[in-house]
Amino acid sequence: MKSVHPVERTVDVLVVGGGPAGLAAAARLAAAGAGRVEVLERERAAGGVPRHCARGGFGGLTGPAFARRAVRAAVRAGAVLRTGVSATGWAGPLALEVTAPTGLERITARAVVLATGARERPRSARLVPGSRPAGVLSTGELQQSVELFGLRRERIGRRAVVVGSDPIARHAVRTLRRAGVPVAAVVADRPYGPRLPGPVLRGATVLELVGRGRLSGVLVRGADGRTGLLRCDTVVFTGDWLPDHELARSGGVPLDPATRGPSVDGGLRTLVPGVFAAGNLLRGVEPGTVAAAEGRAVADAVLAHLAGAPWPAPGLTLETAGALRRLTPGRLHPAGPAPTLLLRPEVRLVRPILMVRQDARLLYERRLPVLLEPHRSLRHPAVWAPDADAAGGPVVVTLTP
Amino acid sequence: MSVTRTGALPDTSAPDDAYDVTVVGAGVVGCAIARELARHSLRVALMEANGDIGEGSSKANTAILHTGFDAVPGSLEARLVREGGQLLAAYAEETGIPVEPVGALLVAWDEQQLATLPRLADKAVRNGHHGTRPLSAAELYAREPHLGPGALGALEVPGESIVCPWTTPLAYATQAVRSGVDLHLNCPVEKVRPGEGDAPHRLVTRRGVLRTRFLVNACGLYADAFDALLGREDFTVAPRRGQLLVFDKFARPLVRHILLPVPGPLGKGVLVAPTVYGNVLLGPTAEDLTDKTATSSTAEGLAGLRAQGGRILPALLDEEVTAAYAGLRAATGAEDYRIAAHPELRYVTVGGIRSTGLTASLALGRHTVGLLADAGLELGPERPLAPVRMPNLGEAFPRPYRDAGLIARDPAYGTLVCHCERVTLGEIRDALASTVPPASLDGLRRRTRARAGRCQGFSCGATVRALFEEGVR
Ligand SMILES: Cc1cc2nc3c(=O)[nH]c(=O)nc-3n(C[C@H](O)[C@H](O)[C@H](O)COP(=O)(O)OP(=O)(O)OC[C@H]3O[C@@H](n4cnc5c(N)ncnc54)[C@H](O)[C@@H]3O)c2cc1C
Ligand SMILES: Cc1cc2nc3c(=O)[nH]c(=O)nc-3n(C[C@H](O)[C@H](O)[C@H](O)COP(=O)(O)OP(=O)(O)OC[C@H]3O[C@@H](n4cnc5c(N)ncnc54)[C@H](O)[C@@H]3O)c2cc1C
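These notes cover the structure that comes with them.

About the cut-offs
- Residues numbered from 1 in each chain as written.
- Chains lettered and ligands numbered in written order.
- Predicted model: local features only at pLDDT ≥ 70, side-chain atom pairs only at ≥ 80, totals over all residues.
- Heavy atoms only, no water.
- Salt bridge = Lys/Arg side-chain N within 4 Å of Asp/Glu carboxyl O.
- Helix = DSSP H or I, 4+ residues; strand = E, 2+ residues; numbered from the N terminus.
- Disulfide = S-S within 2.5 Å.
- Near = heavy atom within 4 Å.
- Polar contact = N/O pair within 3.5 Å; in protein donor to acceptor, adjacent residues only side chain to side chain.
- Areas by Shrake-Rupley, 256 points an atom, 1.4 Å probe, with all protein chains shown as cover.
- Contact = heavy atoms within 4.5 Å.
- Buried area = accessible area lost by both parts, 1.4 Å probe.
- Nonpolar A, V, L, I, M, F, W, Y, C, P; charged D, E, K, R; others polar.
- Pairing = 2+ DSSP bridges.
- Axes fitted to C-alpha atoms, helices over the stretch in contact; angles between N-to-C directions.
- Parallel < 35°, antiparallel > 145°, perpendicular 65-115°, else oblique.
- Left-handed = near helix turned anticlockwise from the far one by under 90°.
- Buried < 20%, exposed > 50% of the residue type's maximum accessible area, 1.4 Å probe, protein only.

**Some remarks on the pattern of salt bridges**
In a structure, side chains of opposite charge can pair up when their charged atoms sit close to one another.
Reasoning step 1: A full pass over the atoms with the stated rule returns 56 salt bridges over all chains.
Reasoning step 2: A salt bridge links Glu105(A) to Arg9(A), with the nearest nitrogen and oxygen atoms 2.7 Å apart. Of this pair, Glu105(A) sits in strand 6 (residues 103–114) while Arg9(A) sits in strand 1 (residues 7–16), placing them 96 residues apart in sequence.
Reasoning step 3: A salt bridge links Asp52(B) to Arg446(B), with the shortest nitrogen-to-oxygen separation between them at 3.5 Å.

Structure below.
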């Protein structure tokens, strides 16, 4: 008879989430001799979202190949990878409640790395009115249905509409086409954006879903203000990312108001000593290679923590202003190494001005010789960081056209 | 005992094979009536137009187990809500339907509403509810610290509870079927040929003709249409739509009680209430319509709810919405139910069960069986109902994913499938193999909460669907 009480265990590093970020962190930590490094992955297979991204674009690999490589690297380095195992809550500052088919566990670690990823905002949270028919998907569900469960046209739908203006909308269209589902239109809310496979209704919005039982159409208002019904039995709401921050939040890990991910410094340390965060959890989606790089980056700070380095003070908060929607990391130690920031604009900006101020002081001002798009991030090395006053107020980063 | 979804209805042409009673409509009311009938050695059928029970008004309400403190004193509704509330609270305990007696606060936002509170307290007394208590603004804010500014006071109504609206009719239907009732789904009754003298009525459906000696109309919004099949035109049902928003579980700590609006000349206002699943509900609107299928939400409706919710509980709007839905109440112009026995027709109409039917359901069941007996149905002796124990969907009670003993016995309860709602493989498997199994993914959601969470299937949708399709095959 197995235990009817949770099993208490300890490890050196507990990584929650076996996607690109968590696996990269685990691989580097295990290789660096961090002791027992355990990765918890709630799905039946590790690898995260790339497992069901059948296309290329993951540093020259397809998504599944990228996922397999990440899994192999972590296992080879000696990390313990556990699939079908979920972290469901906290039992203490560095202890997680875990549910597994083998029973309940309470795992205490010297360091916890949260790498739980991100999801697309569903139809309900977008407050799209109308009926509640079958045939309403996210790209995540669509990709899994097609790539992991092999569903095709007869099981997905006969005619689809895709909603969104990010590159993910393109992926949704391609996935639908691969499954043999014709795409009636892409409803792209922004008037501009990456090339999308047509027909594309730019600047259009979804007003209502129609259909009883099964979706029968999507009522759309075009950029010209006219409304029309797009007949379809499937609609895919894409993009509009939300970090999967629930585990972090339920553990009292403070969030950054602009990203809704945990507030982190350049070492990807959260405000809770011993707890780190990496990957899409920090702010929604970036390419898989970026998430993996963050996983590798977090390992250095974890190793320092395991070696006994004191947990740094919160440091300076970076605030967003103007057309800057979000940036990561959102905290800075002026005395430490200057981090590279990922900046995401709210709107398309042609040669914008990047300005950094602290209190009444201008730390940096530069016209950037680039075109910024709301679906892409700009990497900006915070060369101005050493000039910030560690005792001063928040640092405000502004993008203006 | 059986559940049928397709094929010809059982042959009831021989005199002995006719059903004793047929209940038409498997909403919470019809299911409760069928369950009550199952106490007796009768042949009972429950007929439902949809492919599952509870697909009408019963699936989309506010999920409050009322005390009846604000009913119209002396009305049938007042009595049945009071009795039904007590019966359901006890039944819930026995069968595992999640209920939380969080209590309600009627919050006054202006002087006029404040002045109304004593009258509501009097009305509560006349409805047999003696526990209400006025709260000062300071007491109110101590109870509900996240309440928006400007509240002047409240009336506390202990005993108002939240309940799982899906497990409730499912428990009734399950118990009815296990106790011998035949549930025929996908079976709208299109015509009724009343039996002459003692001859059974003939109910015409696309799955064949069913004969029954007694007939109960529990058709909800369509109770008037069904009455018309028997030549009765006693009332008409007009749908009154209620739109609602469900907020993410992180909103749950923002509210401790059911926050009721004070009814006033400017309409009823909306309530904010926790749900037994650990979410927060905001709504409902009240819109008088004519289309009985108009269960869509509207842009104005949702925007209006957010505006009102933001005043009641400002921090609510910072949380994500996990669902928006709309339900239709059966309004008949009367401030009461429309229940009528027609002994000459061996027929009882249970209509106009407007906005309290979930609460009153068990009392409605009893009351209806009494009316049938008065109309000449021989009930015979009572026998015990088959026991039921429902799977728990409530956050206030142990869930399988945290139950070490259960997981030790069966690892399927340690395998999470729907991560947002913590639904395990074991629970999905159980639902698919249950007495009244789901007919659709929505039916599975109502039985397990799979896909009902914040990601709405982003992570688990494909897996849940595969399990459902495998299980159904
Ligand atoms: C639909 C979609 C399409 C994409 N297409 C591309 C593309 O074409 N090219 C590209 O470069 N990038 C793409 N991306 C982005 C890329 O997939 C992500 O950047 C990358 O997967 C992020 O890695 P991650 O480790 O942060 O998160 P994820 O890959 O999301 O991994 C997080 C993991 O954590 C697990 N987890 C979460 N919570 C728990 C818990 N409590 N317990 C246990 N395990 C948990 C999850 O199951 C998941 O496996 C796409 C993303 C999505 C969503
Ligand atoms: C927005 C809203 C909020 C509410 N809040 C609460 C609350 O907090 N507490 C509470 O107690 N109550 C509440 N109610 C009321 C409660 O939901 C209803 O009173 C109850 O669900 C009515 O149940 P019913 O069985 O009469 O109707 P229904 O659930 O509509 O069932 C009737 C059934 O009859 C079937 N039917 C109709 N015609 C035929 C036919 N010819 N042949 C076969 N089948 C047929 C239909 O398909 C349907 O399934 C609320 C209602 C709404 C709309």
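Having seen the structure, we can now continue with the description.
**Some points on the state of the cysteines**
Reasoning step 1: In total, this model carries zero disulfides over all chains according to the counting rule given.
Reasoning step 2: Cys418(B) supplies the cysteine sulfur nearest to Cys460(B), a cysteine that is in no disulfide, at a spacing of 4.2 Å.

**As for the site of ligand 2**
All names here are of chain B.
Reasoning step 1: Residues in contact with ligand 2 amount to 39 residues; listed here are only the nearest, Glu48, Ser58, Ile64, Ile353 and Thr359.
Reasoning step 2: Here an oxygen atom of ligand 2 and a side-chain polar atom of Glu48 are 2.6 Å apart.
Reasoning step 3: For ligand 2, an oxygen atom lies 2.9 Å from a polar atom in the backbone of Ser57.
Reasoning step 4: With the chains in place, 94% of the 1000 Å² that ligand 2 exposes on its own is no longer accessible.
Reasoning step 5: Elements that contribute at least two residues to the shell around ligand 2 include exactly helix 1 (28–37), strand 19 (321–331) and helix 8 (357–374).

**A look at the interface of chain B and chain A**
Reasoning step 1: The partner chain A presents 44 residues to the 48 residues of chain B that form the contact.
Reasoning step 2: Counting the surface lost from both chain B and chain A, the interface buries some 4000 Å², and carbon and sulfur atoms represent 52% of this.
Reasoning step 3: In terms of surface lost to chain A, no three residues of chain B exceed Phe250(B), Arg402(B) and Phe458(B), which account for 18% of the buried area on that side.
Reasoning step 4: For the interface between chain B and chain A, the tally reads six salt bridges.
Reasoning step 5: The salt bridge partner of Arg121(A) is Glu320(B), with a shortest N-O separation of 2.7 Å.
Reasoning step 6: Summed over the shared surface of chain B and chain A, the result is 16 residue pairs in polar contact (both at pLDDT 80 or more).
Reasoning step 7: When contributions to the side of chain B that touches chain A are tallied by element, the ones reaching two or more residues are helix 7 (299–312), strand 19, helix 9 (404–409), helix 11 (441–448) and helix 12 (461–472) of chain B.
Reasoning step 8: Among the elements that take part in the side of chain B that touches chain A, helix 12 of chain B stands out by supplying six residues, more than any other.
Reasoning step 9: For the side of chain B that touches chain A, the class distribution of residues is 19 nonpolar, 15 polar and 14 charged.

**Focus: the site of ligand 1**
Reasoning step 1: Residues in contact with ligand 1 amount to 35 residues; listed here are only the nearest, Glu41(A), Val49(A), Arg55(A), Asn280(A) and Glu286(A).
Reasoning step 2: At the site occupied by ligand 1, nearby residues are drawn from chains A and B.
Reasoning step 3: Separating an oxygen atom of ligand 1 from a backbone N or O atom of Ala21(A) is a distance of 2.9 Å.
Reasoning step 4: A distance of 3.3 Å separates an oxygen atom of ligand 1 from a polar side-chain atom of His171(A).
Reasoning step 5: Here ligand 1 loses 93% of its free accessible area of 990 Å² to cover by the protein chains.
Reasoning step 6: Those elements giving two or more residues to the shell around ligand 1 turn out to be helix 1 (20–31), strand 2 (37–41), strand 4 (86–92), helix 5 (167–178) and helix 7 (288–306) of chain A.
Reasoning step 7: Grouping the amino acids of the shell around ligand 1 by side-chain chemistry returns 17 nonpolar, 13 polar and five charged.

**Comments concerning the sheet that holds strand 14 (residues 227–231) of chain A**
All names here are of chain A.
Reasoning step 1: Spatial ordering of the open sheet is given by 12-13-14, a layout of three strands whose pairing is antiparallel. This sheet does not close on itself; its edge strands, each paired only once, are strand 12 (205–210) and strand 14. Sheet twist, expressed as the average angle between the axes of neighbouring strands with direction ignored, equals 25 degrees.
Reasoning step 2: With five bridges connecting them, strand 12 and strand 13 (residues 217–221) associate as antiparallel partners. The partner of Leu209 across the bridge, within strand 13, is Val218.

**Details of the packing of helix 10 (residues 425–432) of chain B against helix 11 of chain B**
Residues and elements named next belong to chain B.
Reasoning step 1: Running from N to C, helix 10 and helix 11 cross one another at 120 degrees; their axes reach a closest spacing of 10 Å. Taken together, the axis directions place helix 10 and helix 11 in an arrangement best described as oblique. The handedness of the crossing between helix 10 and helix 11 is right-handed. Residues Glu427, Ile428, Ala431 and Leu432 of helix 10 touch helix 11, and the partners they reach there are Leu444, Arg447 and Thr448.
Reasoning step 2: Per-class residue counts for the contact of helix 10 with helix 11 are four nonpolar, one polar and two charged.

**Digging into helix 1 of chain B**
Reasoning step 1: The buried count for helix 1 of chain B comes to ten of ten residues, which makes it a mostly enclosed element.
Reasoning step 2: Every buried residue belonging to helix 1 of chain B is among Val28(B), Val29(B), Gly30(B), Cys31(B), Ala32(B), Ile33(B), Ala34(B), Arg35(B), Glu36(B) and Leu37(B), and all of these are buried.

**Focus on the sheet that holds strand 21 (residues 340–345) of chain A**
Pairing between the strands of a sheet comes from backbone hydrogen bonds, and it takes one of two forms, parallel or antiparallel.
All names here are of chain A.
Reasoning step 1: If you walk across this open sheet you meet the three strands as 19-21-26, and the pairing is antiparallel. At either margin of the open sheet sits one strand with a lone partner, and together these are strand 19 (324–328) and strand 26 (378–381). Each strand of the sheet is rotated relative to its neighbour by a mean of 30 degrees, with strand direction disregarded.
Reasoning step 2: The pairing of strand 21 with strand 26 spans four bridges and is antiparallel. Paired with Leu341 across the two strands is His380, which belongs to strand 26.

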